[in-house]
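Per-entry structural report
Chain by chain, the residues run as shown.
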Amino acid sequence: MKRPLLLLLAALAAAVLGYGIVYELATRPAKAMLAHPDCGMVWLRQEYHLSPEQFAKVEQMHTAYRPTCEAMCMRIAAAREKVDALIAANPAVTPETEAALREWALVQNDCRVAMLRHVYAVSAVMSPADGKRYVAMASGRLVETGMAHTALLDQ
Amino acid sequence: MDLEAPPRFQAGVWARIAAEESARATVFSRAAEWLAAAFYRPRVAALAVTLGLAVGIGAAFVKAQDSNAALGRQLQARYIETINPLAHGGGQS
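Residues numbered from 1 in each chain as written. Chains lettered and ligands numbered in written order. Predicted model: local features only at pLDDT ≥ 70, side-chain atom pairs only at ≥ 80, totals over all residues. Heavy atoms only, no water.

Now for the overall build of chain A. Looking only at helices and strands, chain A has six helices and zero strands in total. Secondary structure elements of chain A, listed N to C terminal, follow the sequence α-α-α-α-α-α. Relative to a compact globule of 155 residues, whose C-alpha radius of gyration would be 15 Å, chain A shows 25 Å and is clearly more extended. C-alpha extents for chain A along the principal axes are approximately 85 × 50 × 25 Å. Each of the 155 residues in chain A was classed as buried or not, and the buried ones make up 35%. The long-range fraction of contacts in chain A, counting pairs at least 24 apart against all pairs at least 6 apart in sequence, stands at 54%. (Helix = DSSP H or I, 4+ residues; strand = E, 2+ residues; numbered from the N terminus. Rg over C-alpha atoms; globule rule 2.2 N^0.38 Å. Buried < 20%, exposed > 50% of the residue type's maximum accessible area, 1.4 Å probe, protein only. Contact = heavy atoms within 4.5 Å.)

Shown next as structure tokens:
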């Protein structure tokens, strides 16, 4: 009765070994990419099949866009702080709060426009099919504003 | 016509029943023996290990597809963070 049990264990060990090796090999490239300090750009290059020339152009555009993105980020943070301060200081909606909320929305809109401009510019460097896919992916994330409500509720 | 049972008729019948039962028991025990012996055959052992390996590899491929999709979503989010000023928290509405 020992032999069938040993055989079963050997089959199980083969299954575990096969699983471990194949899983590790199949997920290694994506894991390595995620560990890369500039993983977003590395992902972009692979996902949208960018040639070295295309990637160099996109990288250049990305670097040029960074100061705009950072400035927008600071404008949003400032507008948000103003809104928070007015809400905390007043017991009701005041004309100042209304104006601050309007300003905050305008800044967010400016950011979306700036991002969309960058997205269109980057997509123009890609092949038509990849460019279309890239615009669809990035524009799908345009309405995302920071953390999702569900994520906030989970905290 | 008056027929008489041959001598030791009953004993003969019981002996036949016992023989049949023992033959049936032999069939089962032979099948069990055959099954046990099958495990000793190298071909069966190799088949079992190959089958285990195939199941493991198949399961790994399915799971890796899921994991790669999740990693892909993470990478996409990392890229979007670098181009979306709203993704840095200040734009929560």
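This part covers the domain arrangement of chain A. Looking at the assigned domains, one finds that chain A contains domain 1 (1-35) and domain 2 (37-145). Summarising the inter-unit geometry, the C-alpha centres of domain 1 of chain A and domain 2 of chain A are found 43 Å apart. (Domains from an automatic or database assignment.)

This part is about the domain arrangement of chain B. Each assigned domain of chain B is listed with its residue range as follows: domain 1 (9-40) and domain 2 (41-93). Here domain 1 of chain B and domain 2 of chain B have C-alpha centroids that lie 55 Å from each other.

So, on to unusual backbone geometry. The residue His49 of chain A is not glycine, and still its phi comes out positive at about 50 degrees. If you trace the backbone, His49 of chain A turns up in the loop between helix 2 (39-47) and helix 3 (52-89).

Okay, the interface of chain B and chain A next. The partner chain A presents 47 residues to the 37 residues of chain B that form the contact. At the surface where chain B touches chain A, the tally comes to zero salt bridges. Where chain B touches chain A, the interface holds five residue pairs in polar contact (both at pLDDT 80 or more). At the level of secondary structure, the elements contributing two or more residues to the side of chain B that touches chain A comprise helix 1 (9-40) and helix 2 (42-83) of chain B. Residue contributions to the side of chain B that touches chain A peak at 25 residues, all from helix 2 of chain B. Within the side of chain B that touches chain A, the residues separate by chemical class into 20 nonpolar, 15 polar and two charged. (Salt bridge = Lys/Arg side-chain N within 4 Å of Asp/Glu carboxyl O. Polar contact = N/O pair within 3.5 Å; in protein donor to acceptor, adjacent residues only side chain to side chain. Nonpolar A, V, L, I, M, F, W, Y, C, P; charged D, E, K, R; others polar.)

Below, the discussion takes up the packing of helix 3 of chain A against helix 4 (residues 95-125) of chain A. Residue and element names in this part refer to chain A. As a packed pair, helix 3 and helix 4 sit with axes 9 Å apart at the nearest point and diverge in direction by 170 degrees. Viewed along their axes, helix 3 and helix 4 adopt a mutual orientation that is roughly antiparallel. Its residues assigned to classes, the contact of helix 3 with helix 4 shows 19 nonpolar, four polar and six charged. (Axes fitted to C-alpha atoms, helices over the stretch in contact; angles between N-to-C directions. Parallel < 35°, antiparallel > 145°, perpendicular 65-115°, else oblique.)

Once that is clear, we can look at helix 2 of chain B. Under the 1.5 Å per step criterion, the end-to-end length of helix 2 of chain B is 61 Å for 42 residues, consistent within 8% with the ideal 62 Å. Along helix 2 of chain B, the positions that sit buried rather than exposed are Ala45, Gly52, Gly56, Ala60, Ala64, Ser67, Leu71, Leu75, Tyr79, Ile80 and Ile83 of chain B. Its buried side turned inward, helix 2 of chain B meets helix 1 (2-35), helix 2, helix 3, helix 4 and helix 5 (128-140) of chain A. (Expected span 1.5 Å × (residues − 1).)

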